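What follows is each chain in one-letter form.
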Amino acid sequence: MKRVLIIAAGLAGLALLLLGVMTVSPRTQFVMGGALVNAGFRLQDPLHNFDLEKPQLTPQEVWAEFKQQNDLSAKVREQFPRSTEHPLVALLVCMDARIDTSELAGDTRRYYYVVRTAGSVLGPEEQEMLELAVLNGVKVLVLTRHTDCAAEQVAADPEKREQFPRLSAAVNERAARVAEFLKRPLIAERIAKGELLVEQLFIDTRSDHLVAEEPPPPPTAAPTAAGQAPTPH
Ligand SMILES: [Zn+2]
């Protein structure tokens, strides 16, 4: 009974907080929303034991866990349908699981398209997708690379290059593909008219900070053990 009262008091407090938030400026609501999202991340981030307690999970058990989480998340989304926003920014980001584009943007409202590829390579299909995004109203393209990228490490390792020749070639051709993309007539025209801005930046994987130059690696970083497969960043 006491536990029910505590939960009820907590919910009442949360409701009062939300009511209070609704009365402040949109900017303050935005920042407070970000703070609440971050509180959720901080709650989940340290739960390493939640996975490590079950190290012998089979692929079927991992999938069942994933699907269960998706079902729960979808039920919440059904109760609170997401408002549709029109993206003005498109991001090209590596598939590295450490990078969360909502955290990167500091915004969970999906005001941006996201194209994710291994090593942030920009193949013909991705070029067309980004051009379609520009046609749909995107004004800023952010083409990113990131620190400690496994795809770049593969491309720099002769042994791994043999195992992953297409990925390695794509990483090596990335700059040429970007130059090719910038010469596409629609893209070049929009840039020339000042209607489109294209930024090429690094993501500092540790902080999600977008920076102009690749930051130096941390001095205490341990080298990858010989023969150990890189994580699929
Ligand atoms: Zn990467």
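Residues numbered from 1 in each chain as written. Predicted model: local features only at pLDDT ≥ 70, side-chain atom pairs only at ≥ 80, totals over all residues.

A. Here's a closer look at the overall build of the protein. The number of helices and strands found in the protein is eleven helices and five strands. Long-range pairs, those at least 24 residues apart, make up 67% of the contacts in the protein with a sequence separation of at least 6. (Helix = DSSP H or I, 4+ residues; strand = E, 2+ residues; numbered from the N terminus. Contact = placed C-beta atoms within 7 Å.)

B. Expanded view of the sheet that holds strand β1 (residues 89-94). The five strands are arranged β2-β1-β3-β4-β5 in an open sheet whose pairing can be described as mixed. The sheet is open, and its two edges are formed by β2 (112-117) and β5 (209-211), each paired on a single side. Adjacent strand axes in the sheet meet at a mean angle of 30 degrees, parallel and antiparallel pairs treated alike. Summarising the sheet, β1 and β2 pair through six bridges and their orientation is parallel. Its bridge partner lying in β2, Leu91 is registered against Val114. (Pairing = 2+ DSSP bridges. Axes fitted to C-alpha atoms, helices over the stretch in contact; angles between N-to-C directions.)

C. The arrangement of the nonpolar core in detail. If you look at the biggest cluster of nonpolar residues, it comprises 24 residues, and the most contacted ones within it are Ala90, Leu91, Leu130, Ala133, Val138, Leu141 and Ala151. Of all the secondary-structure elements, those providing two or more residues to this core are β1, β2, α6 (124-135), β3 (140-146), α7 (150-155) and α9 (165-172). No other element matches the five residues that β1 contributes to this core. Each residue touching Leu141, except ones within four places of it in the same chain, is listed here: Ala90, Leu130, Leu196 and Val198. (Core = buried A, V, L, I, M, F, W, Y, C linked by C-beta atoms within 7 Å. Buried ≥ 20, exposed ≤ 12 C-beta atoms within 10 Å, placed from the backbone.)

D. Structural context of the confidence of the model for the protein. For the protein, mean pLDDT is 85; residues scoring 70 or higher make up 88% of the total. Element-level mean pLDDT values for the protein span from 69 in helix α3 (residues 48-52) up to 97 in helix α11 (residues 185-192). In the model, residues 221-230 has pLDDT below 50 throughout and makes four contacts with residues more than four positions away in sequence or in other chains. (pLDDT = per-residue confidence, 0-100.)

E. Summary view of helix α2 (residues 26-44). Between its terminal C-alpha atoms α2 stretches 27 Å, which fits the 27 Å expected from 19 residues at 1.5 Å a residue. Where burial is concerned, little of α2 is hidden: zero out of the 19 residues are buried. (Expected span 1.5 Å × (residues − 1).)

F. Highlighting α6. Counted at 1.5 Å a residue, the expected span for α6 with its twelve residues is 16 Å, and the 17 Å between its end C-alpha atoms agrees. Lining the buried residues of α6 we find β1, β2, β3, α10 (174-182) and α11. Among the residues trailing α6, Gly137 stands out with phi positive, at a value near 115 degrees.

G. Spatial organisation of unusual backbone geometry. For Asp148, which is not glycine, the phi dihedral falls at a positive 60 degrees. A positive phi angle, near 70 degrees, is found at Asp208, a position not held by glycine. Of note, Asp208 is situated in the loop between β4 (197-204) and β5.

H. Layout of the environment of Val138. As for its placement among the helices and strands, Val138 is situated in the loop between α6 and β3. Of the residues examined, Val138 has 21 C-beta atoms within 10 Å and is grouped as buried. Considered as a pair, Val138 and His86 are 52 residues apart in the sequence and their alpha carbons are 8.6 Å apart. Among residues more than four places away in sequence, those in contact with Val138 are Pro87, Leu88, Val89, Ala90, Tyr113 and Ala133.

I. Region of the structure containing the pairing of β4. Note that β3 and β4 share seven bridges and pair parallel. Counted as the bridge partner of Val142 is Glu199 from β4. Pairing geometry for β4 and β5, over three bridges, is antiparallel. Within β5, the residue paired with Phe202 across the bridge is Val211. Hairpin connection of β4 to β5: four residues between the antiparallel strands, including Asp208 at a positive phi of 70 degrees.

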